[in-house]
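Reading the structure
The residues making up each chain are set out below.
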Amino acid sequence: MSRPDIGTLRGAATLDDESYLDFVEGLRGFNLGTMVPKLVQSGNAIGAAMGKAEPPPSVHALFHRLGDVPVAQMTRRMMRSTQLMMWSGSFRSYGRFGDELAGWLDEAEQATPGLLTIDPDFAYPDYARQQDIHLMPGSYQDDALAGFVYHYGSKIFFTGANDDDHIHRVMADWCPVDGKPGRVLDIGCGIGQSTTALKQRFPDAEVYGIDIAAPMLRYAHARAHHMGLAVHFAQASAAHTDFADNSIDAILSMILFHELPRETAEGVIREAARILRPGGTITIVDFPHIPQDELSGRHCMRLFDSWYNGEPFAPGFVYSDFTALLREHFDDVDDDYRPAATSTGALQIRVCRKSA
Ligand SMILES: C[S@@+](CC[C@H](N)C(=O)[O-])C[C@H]1O[C@@H](n2cnc3c(N)ncnc32)[C@H](O)[C@@H]1O
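Everything in this summary refers to the structure shown in the same document.

Reading the values: rules and limits
- Residues numbered from 1 in each chain as written.
- Predicted model: local features only at pLDDT ≥ 70, side-chain atom pairs only at ≥ 80, totals over all residues.
- Heavy atoms only, no water.
- Near = heavy atom within 4 Å.
- Polar contact = N/O pair within 3.5 Å; in protein donor to acceptor, adjacent residues only side chain to side chain.
- Areas by Shrake-Rupley, 256 points an atom, 1.4 Å probe, with all protein chains shown as cover.
- Nonpolar A, V, L, I, M, F, W, Y, C, P; charged D, E, K, R; others polar.
- Helix = DSSP H or I, 4+ residues; strand = E, 2+ residues; numbered from the N terminus.

1. Some thoughts on the site of the ligand
Taken together, 20 residues surround the ligand, and among them Tyr 127, His 168, Gly 188, Asp 211 and Ala 238 come closest. In this structure, Ser 237 approaches the ligand through a side-chain N or O atom, which is 3.1 Å from a nitrogen atom. The separation between a nitrogen atom of the ligand and a polar main-chain atom of Ala 238 is 2.9 Å. If the ligand stood free it would expose 590 Å²; the protein chains cover 97% of that surface. Of the residues that constitute the shell around the ligand, the class distribution is 13 nonpolar, 5 polar and 2 charged.

Here it is in structure tokens:
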């Protein structure tokens, strides 16, 4: 009954649903391509003028001042509305054939049960339930169809640029790994787009994806199964895994850390340093650092995202000296700024190597 698939993404239920979601994607593209640059320009100009005051005001003053600028008002309205529309549109559409989709997940689990471990006693950390992360109803864990919905939502979020997992494949192909790894791990793997890309790069390795959210993992597993890839998915916090000391050759983390409270982020780095083998690497792709006193448009965008788009931990992450945290656990840290091209702006890539 559904529309054609888009790569590995399950098609929407009806033409009307697909056309609505396509419209939302176009609107988001317009906002990112036309409105956001204007907001950033205004923020830079007003910030430069405000920065001349003694003492200079905080970025929050700039953030509130931008609230009076029509282009900023429009941009933030569109940012929030398109985000809400993409979630509600995909939930509505997949909900129309939810039983069939649930059956698709069950079939994959019956076919390759050994590749998926869901912990029936898993206790979600409090931060995961603090609010709906980036406005997704029920966050990653509370709806059985969350994996499908996240996949369609992130298609719209990346305005079509990741329809074939392009961004995840680029990162999985890029992350530095010596020789032929035996065991590779994707932390905060979500629906497993970088996990399957890692398996495609290292077909002989054991590839693992871990995440706290069961519906995301169930979808990741079914998706990998249908791609013909034997990837292990397990429910666990990246801060507390079952992996033995020195047992992993390489770890990849795609856009996980900005969603973690500081103490969890510290736990994840400590755990990575424990389970990596000497010489092993962790590659972290996430938002770049922003100095807390920077009066700029990009800083306001980060605050807009946090305030209007349900990203409670992102400001703390971009303000923190994350590189210093990495240096507490790894002697060899490369935090060269390498912009990863996405429709939502540049991400930063950091690579740490455990001392041999
Ligand atoms: C923004 S999503 C990124 C998913 C995927 N890496 C991607 O690139 O699409 C963040 C993911 O981190 C997961 N997560 C949050 N806290 C975690 C933790 N402590 N350990 C493992 N995964 C976690 C969430 O459930 C979610 O699937």
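2. Details of unusual backbone geometry
Omega for the peptide link from Glu 54 to Pro 55 comes to -5°, which places this bond in the cis form. As for its position among the elements, Pro 55 is in the loop between helix 1 (15-50) and helix 2 (59-66). Even without being glycine, Ser 139 reaches a positive phi, approximately 50°. With respect to the element layout, Ser 139 can be found in the loop between strand 1 (116-117) and helix 5 (146-157). Positive phi, close to 60°, is recorded for Asp 165, a residue that is not glycine. Topologically, Asp 165 is positioned in the loop between helix 5 and helix 6 (166-174).

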